[in-house]
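Inside the fold
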4 protein chains.
Amino acid sequence: MKVRTPATTMLEVALFGAGRIGRIHAGNIAVTPGLRLRYVIDVNVAAAEELAAAFAATATDAERALADPLVAAVVIAASTAMHAELITRAAHAGKAIFCEKPVAAELDDARACAGVVAEAGVACMIGFQRRFDPTFAALKRRLDAGEIGAAEVVVLTSRDPAPPPLEYLKQSGGVFKDMLIHDFDVCRWLLADEILEIHATGACLSPDAAQAHDLDTAAVTLRSRRGCLCVINTSRHAAYGYDQRIEVLGAAGMLQAGNHRPTEVIAALAGAVSSDVPEPFFLDRYRRAYALEMAHFANLLAGTARPVPGLVDGIKALELAELATRSWREARALTCLI
Amino acid sequence: MKVRTPATTMLEVALFGAGRIGRIHAGNIAVTPGLRLRYVIDVNVAAAEELAAAFAATATDAERALADPLVAAVVIAASTAMHAELITRAAHAGKAIFCEKPVAAELDDARACAGVVAEAGVACMIGFQRRFDPTFAALKRRLDAGEIGAAEVVVLTSRDPAPPPLEYLKQSGGVFKDMLIHDFDVCRWLLADEILEIHATGACLSPDAAQAHDLDTAAVTLRSRRGCLCVINTSRHAAYGYDQRIEVLGAAGMLQAGNHRPTEVIAALAGAVSSDVPEPFFLDRYRRAYALEMAHFANLLAGTARPVPGLVDGIKALELAELATRSWREARALTCLI
Amino acid sequence: MKVRTPATTMLEVALFGAGRIGRIHAGNIAVTPGLRLRYVIDVNVAAAEELAAAFAATATDAERALADPLVAAVVIAASTAMHAELITRAAHAGKAIFCEKPVAAELDDARACAGVVAEAGVACMIGFQRRFDPTFAALKRRLDAGEIGAAEVVVLTSRDPAPPPLEYLKQSGGVFKDMLIHDFDVCRWLLADEILEIHATGACLSPDAAQAHDLDTAAVTLRSRRGCLCVINTSRHAAYGYDQRIEVLGAAGMLQAGNHRPTEVIAALAGAVSSDVPEPFFLDRYRRAYALEMAHFANLLAGTARPVPGLVDGIKALELAELATRSWREARALTCLI
Amino acid sequence: MKVRTPATTMLEVALFGAGRIGRIHAGNIAVTPGLRLRYVIDVNVAAAEELAAAFAATATDAERALADPLVAAVVIAASTAMHAELITRAAHAGKAIFCEKPVAAELDDARACAGVVAEAGVACMIGFQRRFDPTFAALKRRLDAGEIGAAEVVVLTSRDPAPPPLEYLKQSGGVFKDMLIHDFDVCRWLLADEILEIHATGACLSPDAAQAHDLDTAAVTLRSRRGCLCVINTSRHAAYGYDQRIEVLGAAGMLQAGNHRPTEVIAALAGAVSSDVPEPFFLDRYRRAYALEMAHFANLLAGTARPVPGLVDGIKALELAELATRSWREARALTCLI
């Protein structure tokens, strides 16, 4: 809990989306020095009003929020279908942009956004919050510092605690776009290298995934230009919680990022010595990551940080997700055209 | 980061003390639903004003703060020498009280406070924050739930990262009152039993401790009425960080509470496999404990929690600290008169 | 260290190969109740004589050893090039056979051995010692007992501490036959299922591997008939030791088999908390596995255990190694013809 | 499993005691290069004969064994009541001596042995096997190498899995002589310092311990001449197995020696992440220690190792056990007269 020091200039923020992730961002805006929540916009007006009231902000609509010259930045946490349009309107209005992943459901829309944003010359950051997780960020810092030499093999374990409802699955875009897009970003971020070849396969072990013509279990192998391998294994369920791990083998050793536990209690009983299961859900595991991500956005607005991860990262991750989907469907490895 | 839901009634708080621990409490008051920081009082007026400004509060003096009928509660984080007087004045003014440990430097003053508070009929809670640490609290819940049967042996490890300056040591009241008072409270809390016999010994391995006629290394053995043993080992320094662990052996197993680490990164290099050292300082380790403690105080004010740990716990811990000091000086085990 | 109980019938064994692995087997024969080392055979006569002397056995040649009716069994730890011939001769002589992996360098030879052995009706066991590692075997038992439900994803980490010399690499048969043959056997053993599809890729990061037209880093994805995925990542070097881990995700949880450490010492110093690196080499890690494997062979001779892993397992693992090599060379996934 | 190289001179050993610990020593003598088991002596002649047969040795009586000039050394694993007499007779016969702890039940007898052995000029080693445990020995080496600076606090956790039968308890000599004698030796060994002050207390939580007028739970605090503190906590039972841990805090860090587990399997299930409980019994935990202890005795006989731990260590540990017993009975700290 950081003490808010009196900021000389408070930047006003308009938040689009009063749902689960919108509420997280609202709370983080409130405790981030230099930011103040001014507007909350949501098609569900009651939700917008309740969230606005909790933070002494005002519920309004997009037009008024974007027209207000006091608004310096927007935080887009609306549904994916709205992302591209809101990015475009915010860019036209000259606002700095923070947008949840993915940039858009379709690659063409995402690429169009990049053009608009570049033309408008506004800063735009994409919400790949895993880069801000204290454990993942520490691993990345130590990797970049050369602690294990050059990276050779990256192993990503990415398992949700439980699958979403069938209705969600049917319109999720598939497991590669919906779940692994985060892992594709993590892969590019860790390696600081682009992917040359990708192979994806998987299994469909649950009736829901079958009905959605999707996979619930997947394995992806990526090879980068420098010859580094990245293997990702993912599942829509893990009985023991939200399992998010990184392992990097380098020429001089290995770095691993393990799960976070709610407590450090260990119980030694007659049958076993046990500790807590991992944090149960992404909102728990990435609680601090979301706060640090918003602090980074504040620094970006203050001119002391770069817009990274940015639109290009969002587009690259989407490209890999589409390639993985094709690789699985065509049952063959694909080369990335760059 | 909890979203603040609009509270129907906000309770106004006056905070005494704008130092390190006062700032922690100010931040936690700000994010605790139902509490609002109204006044900050400190002999260092500049510090009071800066802290007040950061939280849209007002710097003032004790008289005005205690006379304001809008103030429902006080949080006392001033120097130990001021505790008893502030408790007394706040009780007379009918305010609910949260006071940092220790209740007072001397046992007589602490006992006098208990009388005043009882007569005034105000709620009073003492800041033994360790009881609110998520790991320690989970261990206590599981112990009380009978997971390991009846407690038989408690082992407390309590080591500061580095000794305080000589000036502090000279007026600290000694290692038993200054450091182990927390452990004595933890011991009583875990066992839910009173101590029958105590033996303390120690060593003085640093020139500063010698000059302060104090110990820097100590071992205390306590035996409770039900025959449970508690052994505490403590040191003024631990090169690897702030080391705070609990181990409880019961008839059916063992519960351990380990240290918290900043990250879950593991590095496997040629010579060793290593993980992070523990959180470096009590403000890091007990960051969440302080927040949960203030939430408990808010619940106490709302009538949904009891004033525990209370004045009686503060007094009992002080009694054990004084007995330990005598046991060490007289080089013999002492029986607690109850 | 088991006490040898006086065995009613001692079975005499002829050991082929007095090299590193031959010496391991000689020691284990000596302490396995019911077995006695009678002959040691090696082209290096001095080595055979030294090893024989250490165990009160006799150095001899293959002809005499196989002609001796007192010899009930042979242990083949000679060079791979000799395996098929020795299996054939031993089968013709009616001896029970323990043969180190691989059955043969070429699949045709291995298949021919299977015919000969079947015709001779002798028991034949292949030395996939990992199945006898206490940690791996415990994982397998718990998996079979249903502790995590049906297996869905298997992750195998298989890294040697350091690459072998260039001369060895050049005639090793390639990383898939030389290193991953063990992992292919572990995969089949864990899943109790056959492989339907395989994809292999890799990188060549060291000059030696390049000169040997081989990989030093590889990633293999296997899909079984029941739809289980197995991902293997391997490297010819790991700065921190011999890294051999298994992870199985099932419908109801996960089982992991970690590395063994020489000691359980933990050091907490100013910069890090560290523990031992894994056992440095396969002879250390699998020391107990080799002993338990020989005990299993003794039980097989005594009629209380089955010849598992047997010739069919050796052949299946070799088939997968050849398919993996082709998949990598042809840069495409391959379907296993069964 | 070490390969036995042909030893130029085999030393013949007479083993007194064919019980549980005698069988362990017989097995270790058999696999220790340079040692050969010649005689087994036990009042239970059938047991002696069975054990002798298993190792191609001869069952005999003490007179014949000690009179045989081929016998270079004796290993005494008979009942404690016989130790002093056998040490005396073996010394008079000029044999090197390995004797299980304790040297004798009574301090006077132990001291008398020391005189006899010194006069005879034979080597004598006492079986404090914990000094040879790979984990404890590694901790000691690293402590002596200065890795954590000077030792300041030692914490020993010493818990048996389950109490012995009442009959054993009644004649055990009490928990301090029976269980903690090992810990007193470990304390002196780690600190390489003598004890100045001791305080012992405890609890009697089981009916059996009460009937034996003994404790089943104990806490001992020792202060050494250099001012190092050692705290020992012990219990006659631990539901999760045999719990034997060491922790040493030094000026520059901490070394911990943890328990050994049968396997490195980890299970992550819905409720908890669990690993194996510690090895269940001292014969499992100290299996390798017993083997390394016998190898040390062989080196002692070969002139390449010193007789440490020796008679003086056995006597010192016994002195501390008696002082601890008195401290508990008299409920006061005692100063060691040196």
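Described in the following lines is the structure provided in the data block. (Residues numbered from 1 in each chain as written. Chains lettered and ligands numbered in written order. Predicted model: local features only at pLDDT ≥ 70, side-chain atom pairs only at ≥ 80, totals over all residues. Heavy atoms only, no water.)

Here we take up the overall build of chain A. A tally of regular secondary structure across chain A gives 13 helices and 15 strands. Taken over the C-alpha trace, chain A has a radius of gyration of 20 Å; the compact-globule value for 338 residues is 20 Å, and the two agree within 12%. Each of the three principal axes of chain A carries a C-alpha extent, and together these read 55 × 50 × 45 Å. The buried share of chain A, reckoned over its 338 residues, is 60%. Just so you have it, chain A exposes about 12500 Å², and 54% of that area is on carbon and sulfur atoms. (Helix = DSSP H or I, 4+ residues; strand = E, 2+ residues; numbered from the N terminus. Rg over C-alpha atoms; globule rule 2.2 N^0.38 Å. Buried < 20%, exposed > 50% of the residue type's maximum accessible area, 1.4 Å probe, protein only. Areas by Shrake-Rupley, 256 points an atom, 1.4 Å probe, with all protein chains shown as cover.)

Moving on to the packing of helix α9 (residues 180–191) of chain B against helix α13 (residues 311–330) of chain B. All names here are of chain B. The geometry of α9 relative to α13 is characterised by a closest axis approach of 8 Å and an angle of 120° between their N-to-C directions. By the criterion of interaxial angle, the relationship of α9 to α13 is oblique. Considering how the two elements wind past one another, α9 and α13 form a crossing that is right-handed. Counting all contacts with α9, which are made through Ile181, Phe184, Asp185 and Arg188, the residues of α13 involved are Asp313, Lys316, Ala317, Leu318, Leu320, Ala321 and Ala324. Tallied by class, residues from the contact of α9 with α13 come to seven nonpolar, no polar and four charged. (Axes fitted to C-alpha atoms, helices over the stretch in contact; angles between N-to-C directions. Parallel < 35°, antiparallel > 145°, perpendicular 65-115°, else oblique. Left-handed = near helix turned anticlockwise from the far one by under 90°. Contact = heavy atoms within 4.5 Å. Nonpolar A, V, L, I, M, F, W, Y, C, P; charged D, E, K, R; others polar.)

It is worth spelling out the interface of chain A and chain C at this point. On the chain C side, the residues contacting the 37 residues of chain A number 37 residues. Each partner contributes to the roughly 2800 Å² buried at the junction of chain A and chain C, and carbon and sulfur atoms together form 63% of this total. Linking chain A to chain C there are four salt bridges. Arg159 of chain C is paired through a salt bridge with Glu247 of chain A; the nearest N and O atoms lie 2.7 Å apart. Inspection of the region where chain A meets chain C yields seven residue pairs in polar contact (both at pLDDT 80 or more). When contributions to the side of chain A that touches chain C are tallied by element, the ones reaching two or more residues are β7 (151–159), β8 (195–203), β9 (217–224), β10 (229–235), β11 (243–250) and β12 (253–257) of chain A. The residue inventory of the side of chain A that touches chain C, partitioned by class, reads 16 nonpolar, 13 polar and eight charged. (Buried area = accessible area lost by both parts, 1.4 Å probe. Salt bridge = Lys/Arg side-chain N within 4 Å of Asp/Glu carboxyl O. Polar contact = N/O pair within 3.5 Å; in protein donor to acceptor, adjacent residues only side chain to side chain.)

This brings us to the interface of chain B and chain A. Every contact between the two is made by 44 residues of chain B and, on the other side, 43 residues of chain A. Carbon and sulfur atoms make up 58% of the area that chain B and chain A hide from each other, which totals about 3300 Å². Joining chain B to chain A, the criterion identifies four salt bridges. Between Arg142 of chain A and Asp276 of chain B there is a salt bridge; the shortest N-O distance is 4.0 Å.

Here we come to the sheet that holds strand β6 (residues 124–127) of chain D. All names here are of chain D. Spatial strand order, β3-β2-β1-β4-β5-β6: six strands in an open sheet with parallel pairing. Every other strand in the sheet has two partners, leaving β3 (58–60) and β6 as the edge strands with one partner each. Within the sheet, the average angular offset between the axes of one strand and its neighbour, ignoring direction, is 25°. Together, β1 (11–16), β4 (71–76) and β5 (96–100) form the strand contacts of helix α4 (residues 80–92), whose direction differs from that of β5 by roughly 170°. Strands in contact with helix α12 (residues 287–301) are β1, β2 (35–41), β4, β5 and β6; relative to β5, the strand with the most contacts, it is inclined by about 160°. (Pairing = 2+ DSSP bridges.)

Right, let's get into the packing of aromatic side chains. Under the definition given, this model contains 20 aromatic pairs over all chains. Their ring planes at 50° and their centres at 6.3 Å tell us that Phe176 of chain A and Trp328 of chain A sit as a pair that is tilted. Pair noted here: Phe176 of chain A is in helix α8 (residues 175–178) and Trp328 of chain A is in helix α13 (residues 311–330), with a separation of 152 residues, a long-range link. Consider the rings of Phe98 of chain C and Phe297 of chain C, whose centres lie 5.6 Å apart with planes at 65°: the pair is edge-to-face. With a gap of 199 residues between them, Phe98 of chain C in strand β5 (residues 96–100) and Phe297 of chain C in helix α12 (residues 287–302) connect regions that are remote in the sequence. Overall, the relative accessible area of 0% leaves Phe98 of chain C in the buried class. The class of Phe297 of chain C is buried, set by a relative accessible area of 0%. Clustering of aromatic rings is evident, with ring pairs tying together Phe136, Tyr242 and Tyr286 of chain A. The residue whose ring lies beneath Arg285 of chain A is Phe136 of chain A, and the NZ or CZ to ring-centre distance is 4.7 Å. (Phe/Tyr/Trp six-rings, centres within 6.5 Å; stacked < 30°, edge-to-face > 60°. Lys NZ or Arg CZ within 6 Å of the ring centre and 35° of its normal.)

Further remarks concern the pattern of salt bridges. Side chains bearing opposite charge may pair, as long as their charged atoms lie close to each other. Residues and elements named next belong to chain A. Using the criterion set out here, one finds 111 salt bridges over all chains in the structure. Here Arg131 ties to Asp185 by a salt bridge, and the two come within 2.7 Å at their closest N and O atoms. Linking Arg131 in the loop between β6 (124–127) and α6 (134–144) with Asp185 in helix α9 (residues 180–191), this pair joins segments that are 54 residues apart in sequence. By relative accessible area, Arg131 is classed as buried at 9%. A salt bridge links Asp313 to Arg131, with the shortest nitrogen-to-oxygen separation between them at 3.5 Å. Remark: Arg131 occurs in the loop between β6 and α6 and Asp313 occurs in helix α13; sequence separation between them is 182 residues. In this structure, Asp313 and Arg131 share a single accessibility class: buried. Through salt bridges that share partners, Arg131, Asp185, Arg188, Glu194 and Asp313 make up one connected network.

By themselves, these are just geometric observations and shouldn't be taken as functional.
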